[in-house]
Amino acid sequence: MVRLSIYSRLAVAVLFAVAAATADKSPSIDDNQVCTTDTEGHQVCYPRLFNATDEFQVVQPGQDLPPGLHVQINMASGERLAKLMAPEPKKDLALVVPESLPVDPPKDNSRQRGFGSGYKPAAAEGFQAHIDLVAELSTSVDRSQADFLHNTLLAMEDLVHDTRYADELIHRSTGATSLLRLSDANSSWPANIRQLASVVLGTALQNNPQAQESLFVDGALPLFIDNVVRENDARALGKHVFALSALVRGNNKALAEFAGESLRNLSTLTVVGDRKVRDMAEVRVVRLVEDVLNSELHPDFLESAEDMKKVFAVSASAWCSELADRLQRELVEPSAEYYERPLAYAHALQVLRVQYPDNCSISNELQHLAQNKATQLGNDESAADYRQALSELV
């Protein structure tokens, strides 16, 4: 049973929470844009990558923020705003807080052993209460608080875009541990909780080398991988892949551990759900594989680790065969409603063929099928990228 202390802190958490209605209108994301539904039921689309200017603009749900921006969060409305960093910024984050809610001054937390050892950040007391609430709920057998937990996680995801809050989350002994417990595919928490827990983790790790290193050193990588391998809900799987990618991207130690058998095992994933959602989850997996094996993204690492070249080559060979089989099946008997999934196959296959010529080759049959399909697509503008990717395989 959850202790009453949770409810006594509800007033603090609500000031951070995002309206519950937002949870029912989760955005649909593709490569270039995000589409969601406004309060009147109309579909609204906007660029996936936030276009920063010298003036503050509202960051829409689902938008990616490039690094180096000045981010401002309105604690009254929950809106996140961003602009280009001024030449001599005073702080990375400005908090717009209602007069009725004083924010405690930053304080240094005592070290506690857990995921994220090595941090001594400072953040507002309200966010620390969020972490404590999530930790308490994550160990409870009472699932009646799922909606409250969902809104708390939404608020945390909004805040951890700023490294002060990301550092605080990773530092607290219960922070990452609680989120990993919530995201566990074998837990009884519903899929929306599992996926949102991974979103919070992934957001905190993005462009944050210290956080990446801290979780890796504390042995979190196998747990991230397990979440991906064991998850069968397509939406949750996509978010687990996002979190895993955020942990290993740019982290040479994590890449070295992940690029071998663990990466090859991702080819056996099985997911359930809507066809479109399953396709997008598979696209995320394929893009992760492509990013990890793309030597151009980490040339210094491979040049300095000669033994890792063999590991990468073996994984490239395995995934080359897997992608070729998937693409050939799709060309013979199309099953994708959209082009994203076969496009991901073709693009990743071409990257592997170019970078690992001794380990990745394409059969004449597949080249013939690719050429025929590219011709069939003709001048279909919606298939321009797919047509180009197929043509490069020939």
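Preceding this paragraph is the structure being described.
Reading guide: rules and limits
- Residues numbered from 1 in each chain as written.
- Predicted model: local features only at pLDDT ≥ 70, side-chain atom pairs only at ≥ 80, totals over all residues.
- Heavy atoms only, no water.
- Helix = DSSP H or I, 4+ residues; strand = E, 2+ residues; numbered from the N terminus.
- Contact = heavy atoms within 4.5 Å.
- Areas by Shrake-Rupley, 256 points an atom, 1.4 Å probe, with all protein chains shown as cover.
- Salt bridge = Lys/Arg side-chain N within 4 Å of Asp/Glu carboxyl O.
- Buried < 20%, exposed > 50% of the residue type's maximum accessible area, 1.4 Å probe, protein only.
- Pairing = 2+ DSSP bridges.
- Disulfide = S-S within 2.5 Å.
- Core = buried A, V, L, I, M, F, W, Y, C linked by side-chain atoms within 4.5 Å.
- Phe/Tyr/Trp six-rings, centres within 6.5 Å; stacked < 30°, edge-to-face > 60°.
- Lys NZ or Arg CZ within 6 Å of the ring centre and 35° of its normal.
- Axes fitted to C-alpha atoms, helices over the stretch in contact; angles between N-to-C directions.
- Left-handed = near helix turned anticlockwise from the far one by under 90°.
- Nonpolar A, V, L, I, M, F, W, Y, C, P; charged D, E, K, R; others polar.
- Parallel < 35°, antiparallel > 145°, perpendicular 65-115°, else oblique.
- Polar contact = N/O pair within 3.5 Å; in protein donor to acceptor, adjacent residues only side chain to side chain.

**Points about the overall build of the chain**
Thought 1: Helix and strand counts for the chain stand at 19 helices and seven strands.
Thought 2: Put simply, 64% of the contacts in the chain that link residues at least 6 apart link residues at least 24 apart.
Thought 3: Summing over all exposed atoms, the chain offers an accessible surface of approximately 19000 Å²; the carbon and sulfur share of this is 49%.

**Some words on the pattern of salt bridges**
Thought 1: For the structure shown, the criterion picks out 13 salt bridges.
Thought 2: Taking the shortest distance from any N to any O, the salt bridge between Asp-279 and Arg-341 comes out at 2.7 Å. Within this pair, whereas Asp-279 is found in helix H14 (residues 275-293), its partner Arg-341 is found in helix H17 (residues 340-355), the two being separated by 62 residues in sequence. No difference in accessibility class separates Asp-279 from Arg-341, as the two residues are buried.

**Quick notes on the pairing of strand S6 (residues 80-84)**
Thought 1: Among the five residues that make up S6, four are buried, leaving the element largely enclosed by the rest of the structure.
Thought 2: Bridge analysis of strand S4 (residues 57-58) against S6 gives two bridges, and the strand direction is antiparallel. Opposite Gln-57, over in S6, you have Ala-82 as the bridge partner.

**Considering the environment of Val-351**
Thought 1: Residue placement: Val-351 occurs in helix H17.
Thought 2: We classify Val-351 as buried; its relative accessible area is 14%.
Thought 3: Residues Val-351 and Asn-294, spaced 57 residues apart in sequence, show a C-alpha to C-alpha distance of 7.0 Å.

**As for the state of the cysteines**
Thought 1: For the structure shown, the criterion picks out one disulfide.
Thought 2: Disulfide partner of Cys-320: Cys-360, at an S-S distance of 2.1 Å. As the torsion about the S-S bond is roughly 75°, the Cys-320-Cys-360 disulfide counts as right-handed. On the criterion of sequence distance, the pair formed by Cys-320 in helix H16 (residues 306-332) and Cys-360 in the loop between H17 and helix H18 (364-377) is long-range, its members being 40 residues apart.

**Quick word on the nonpolar core**
Thought 1: In this structure, Leu-153, Phe-224, Phe-258, Leu-327 and Leu-349 are the most contacted members of the largest nonpolar core, which totals 95 residues.
Thought 2: Sorting elements by how many residues they give to this core places H16 first, with 10 residues.
Thought 3: Once you skip the residues sitting within four places of it in the chain, Leu-327 turns out to touch Pro-342, Tyr-345, Ala-346, Leu-349, Leu-366, Tyr-386, Leu-390 and Leu-393.
Thought 4: Counting residues in each nonpolar core, the second largest holds seven residues, with Ala-52, Val-59, Leu-65 and Leu-69 among its members.

**Some thoughts on the packing of aromatic side chains**
Thought 1: Under the counting rule described, the total for this entry stands at three aromatic pairs.
Thought 2: Positioned above the aromatic ring of Trp-189, the side-chain terminus of Arg-143 is 3.8 Å from the ring centre.
Thought 3: Lying across the ring of Tyr-338, Lys-276 places its NZ or CZ 3.9 Å from the centre.

**Structural notes on the packing of H14 against H16**
Thought 1: Here H14 crosses H16 at 145°, and the two axes come no closer than 11 Å. The crossing of H14 and H16 is left-handed. Residues Glu-282, Val-285, Val-286, Val-289, Val-292 and Leu-293 of H14 form the contact with H16, whose own contacting residues are Phe-312, Ser-315, Ala-316, Trp-319, Leu-323 and Arg-326.
Thought 2: For the contact of H14 with H16, the per-class residue count stands at nine nonpolar, one polar and two charged.

**Quick word on the packing of helix H10 (residues 221-230) against helix H11 (residues 234-248)**
Thought 1: Interaxial distance between H10 and H11 falls to 8 Å at its minimum, and their mutual angle equals 155°. The angle between H10 and H11 places the two elements in the roughly antiparallel class. Handedness of the crossing formed by H10 with H11: left-handed. Counted together, Leu-221, Phe-224, Ile-225, Asn-227 and Val-228 of H10 and Leu-237, His-240, Val-241, Ala-243, Leu-244, Leu-247 and Val-248 of H11 form the full contact between these two elements.
Thought 2: Considered class by class, the residues forming the contact of H10 with H11 number 10 nonpolar, two polar and no charged.

**Focus on the side chain of Glu-231**
Thought 1: In this structure, Glu-231 sits in the loop between H10 and H11.
Thought 2: In this structure the side chain of Glu-231 is engaged in a polar contact, spanning 3.0 Å, whose partner is the side chain of His-240.
Thought 3: Setting aside residues no more than four positions away along its own chain, Glu-231 makes contact with Ala-185, Arg-194, Ala-236, Leu-237, His-240, Thr-270 and Val-271.

**As for the environment of Leu-369**
Thought 1: Within the element layout of this structure, Leu-369 appears in helix H18.
Thought 2: Taking the C-alpha atoms as reference points, Leu-369 and Val-332, 37 residues apart in sequence, are found 7.7 Å from one another.
Thought 3: Those residues in contact with Leu-369 that sit more than four places away from it in its chain are Gln-328, Leu-331 and Val-332.

Structural measurements only, silent on function.
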